[in-house]
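The chain contents come next:
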Amino acid sequence: MIGFCGRPHDREAAVQRGLAAHQRADYTAALEEWSAAAASCNSEALYQLGLLYARGHGVLANLADAAHYYLQAAKQGHAEAQYQLGLLHFGGTRGDQSSGWAKWHGAAALQNRKLLFPNGVDVPLDSAEALRWSRAAAEQGMAEAQAITGLIYARGFGCEHDYLEARRWYLLAAAQGNAAAELGLGVLYANGLGVETDLVTAASWYEKAAEKGNDGAQTALALMYLSGQGVEQDSEKAASWFAKAAAQGNARAQYNLALLILRDDEALRNAPTAETWLRRAARAGHVPAMHRLASFYELGGAAPPNMIEAAHWYRAAAEAGHAEAQFTLGRLYARGEGLPQQLEEAARWFEKAAEQGVAAAQVNIAAFHLKGTGTARDPAKAANWYRLAAGQGLTTAMVRLAFLHLSGEGVLCDPPAGAAWLQRAADLGDPEAQSGLGTLYARGEVVAQDFARALDLFRQAAEAGYSSALVQLGHLHAQGHAGDPDPAAALRYYRDAAAAGHLDAQRILAWNNLYGRGVPRDTAAAALWFRKAAEKGDTGAQFQLAVMYCTGEGVVRNLEEAVKWYRHAAEQGDRYAQYNLAVMLLKGQGTQEDADTAFYWCSAAAEQGLAEAELQLGDLYRAGRGVGEDLVIAAAWYEKAAERGHAEAVARLDGLREAQAG
């Protein structure tokens, strides 16, 4: 059967009637007219049908159907159809992202899908087809197609990168005043692609396109004004062009405009406006804007810090792959800031950032693996992450890796390697490394003993404010390793370290003042330093401070305070504090009498082998105080205390046996 197309005059009339109907928004009439003309092979009608399906005018929007009609028109040489078809294949589409048919798809049975969508619902990303049809339209002189063809060659989409060919097509389109082509030429000259780098020429092309309203060119030109490349530096012009592009929804321009506003230029400074632009860019999916907006909320740019909003945007940027945001999100999870503390999530995000090379994240995930925090304990993994961070020059990682080599944890024990890492970090000015290396020289471990070298390293660290080095300097002067023994100099170093909050120094000063070692005996000063150490959780200091409150030595006697500090030390497992607390509870000193709780603490101390507690526990079982009377168990505790040489326990045991015998 031989087919034939209808009369041209009839087809053209139908196309015109369709255009008139479409103009008055009578899409049903337009569809009928164009369908009739398309059946007679009219390329314009086919193209217009493609537009109807692309726009969803009178039909269910479906780009696959649009592509079907574009293809028929394109094969007949219709430039607009060729261009549109090229664009569809350049970007590719998926039907499940199209709002037009998505509502139907959920309800339609799978077997009806072909019936509803005979042309499918997807337009595949196809570089060869994109180039084929874009170039076909370009060769017909269509400026938009020439510009997209130039872009395809510039990107190497479906072909090899060919910047000369890209420039040729861009120039043809630019000659027709096409802004996209002018932007493309600016990119070529700015980056030296197929031409010599020429920022002045790049700026001139950007300006041509920018004047036509091209937001990409406006943004590029603004960046050149901001940096003074190709044009004279001018922040006001940069802001003006950023604002023009931002108003068109260009996320990159919105982001840069916000940054410009947040600079220290008071004429542009307006934090709330900056927040608005950052939020718009972030909502458009601009990842740097998400990160900067999160930082804005964390630091409190226009209002008090808002950690919940900060966490939200850090997460958005992190999920988009922003390495610094991943690190920060891990930090927020670790601290429980802006979201619940979840160490497993902290570890997960630290590892993601570490894998992208963020040195601080590598150190953090290493510490997590070393301690088993939020992840399985794995010293070998910790060592590997420390090594990667150390390779980036992070001295903290060098120090941690050094200590692992010195101890053999997670790596082979290699003291020389440990010393080498400490030396490397010390040379970079890390005070912890200087102090650690100084300790090796002072002890003669791994390296030859050299007190002069140790003294020099400790002084360098101390000058950087490292309090542990002050303590070591105190030791060297006290022991005569820095010349003759110098208790006064040692005391100065200890005081400086203690004032800086160093726990060991506070303990040293406390005991020295209590016993008059190197200083006149001063129990008030001793109590002061014991309190500082006790408040840091030191059990020995807590116990001694409780004793001083009991006796009134160095402080006003206060049994309630004594009970408080005994309890703190007891809860940390100090057996002497447990026993003393039990005694005070039994006697009702500084607290209400409580035999049951006294029995608990006395048992805890006795279980740790304290003879006095064993004796007291025997007495409690014998008297049935705080526990049921049980002479057998009482005798057993007396025996334990007696075996430790406690004379009173021997006497108690003898008395108990005599009473039982009588």
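In this text, all values refer to a predicted model and were calculated from it rather than measured experimentally. (Residues numbered from 1 in each chain as written. Predicted model: local features only at pLDDT ≥ 70, side-chain atom pairs only at ≥ 80, totals over all residues. Heavy atoms only, no water.)

Quick look at helix 28 (residues 487-499)
Taking 1.5 Å per residue, 13 residues should reach 18 Å; helix 28 reaches 18 Å between its end C-alpha atoms and fits that length. Those residues of helix 28 that fall on the buried side of the exposure criterion are A489, A490, L491, Y494, A497 and A498. With its phi angle positive at about 95 degrees, G501 sits one or two positions after the end of helix 28. (Helix = DSSP H or I, 4+ residues; strand = E, 2+ residues; numbered from the N terminus. Expected span 1.5 Å × (residues − 1). Buried < 20%, exposed > 50% of the residue type's maximum accessible area, 1.4 Å probe, protein only.)

Overview of the packing of aromatic side chains
Summed over all chains, the structure comprises 12 aromatic pairs. With a centroid separation of 4.9 Å and 70 degrees between ring planes, the pair formed by F90 and F157 is classed as edge-to-face. You can see F90 sitting in helix 5 (residues 79-91) and its partner F157 sitting in the loop between helix 9 (143-155) and helix 10 (163-174), a full 67 residues away along the chain. The pair F90 / F157 is uniform in exposure class, with both members buried. (Phe/Tyr/Trp six-rings, centres within 6.5 Å; stacked < 30°, edge-to-face > 60°.)

A look at the environment of T439
Among the secondary structure elements, T439 is positioned in helix 25 (residues 431-443). We classify T439 as buried; its relative accessible area is 15%. Along the primary structure T439 and F451 are separated by 12 residues, whereas in three dimensions their C-alpha atoms are 9.3 Å apart. If we ignore the near neighbours within four places in the chain, the residues touching T439 are F458 and Q472. (Contact = heavy atoms within 4.5 Å.)

Side note on helix 27 (residues 467-478)
With 12 residues, helix 27 ought to run about 16 Å at 1.5 Å a step, and its terminal C-alpha atoms sit 17 Å apart, in line with that. For helix 27, the full list of buried residues reads S467, A469, L470, V471, L473, G474, L476 and H477. In this fold, the buried residues of helix 27 make contact with helix 25, helix 26 (451-463), helix 28 and helix 29 (503-515). Positioned one or two residues after helix 27, G480 has a phi angle of 80 degrees, which is positive.

Examining the nonpolar core
One finds Y386, F530, Y566 and L617 to be the most contacted residues of the largest nonpolar core, which totals 188 residues. Looking at this core element by element, the count peaks at 8 residues for helix 33 (residues 575-587). Beyond its immediate sequence surroundings of up to four residues, Y566 is in contact with F543, A546, V547, C550, A577, N580, L581 and M584. (Core = buried A, V, L, I, M, F, W, Y, C linked by side-chain atoms within 4.5 Å.)

A look at the packing of helix 10 against helix 11 (residues 179-191)
Relative to each other, helix 10 and helix 11 sit at 145 degrees, their axes nearing to 8 Å. Of the two elements, helix 10 crosses helix 11, and the hand of that crossing is left-handed. Residues Y163, R167, Y170, L171, A173 and A174 of helix 10 lie in contact with helix 11, whose contacting residues are A181, E182, G184, L185, L188 and Y189. Within the contact of helix 10 with helix 11, the residues separate by chemical class into 9 nonpolar, 1 polar and 2 charged. (Axes fitted to C-alpha atoms, helices over the stretch in contact; angles between N-to-C directions. Left-handed = near helix turned anticlockwise from the far one by under 90°. Nonpolar A, V, L, I, M, F, W, Y, C, P; charged D, E, K, R; others polar.)

Description of the packing of helix 15 (residues 251-261) against helix 16 (residues 271-283)
It is at 8 Å that the axes of helix 15 and helix 16 come closest, and there the two elements cross at 155 degrees. It follows from the interaxial angle that helix 15 and helix 16 lie roughly antiparallel. By crossing handedness, the relation of helix 15 to helix 16 is classed as left-handed. Packed against helix 15, whose contacting residues are A251, Q254, Y255, L257, A258 and I261, the element helix 16 presents T273, A274, W277, L278, R280 and A281 at the interface. (Parallel < 35°, antiparallel > 145°, perpendicular 65-115°, else oblique.)

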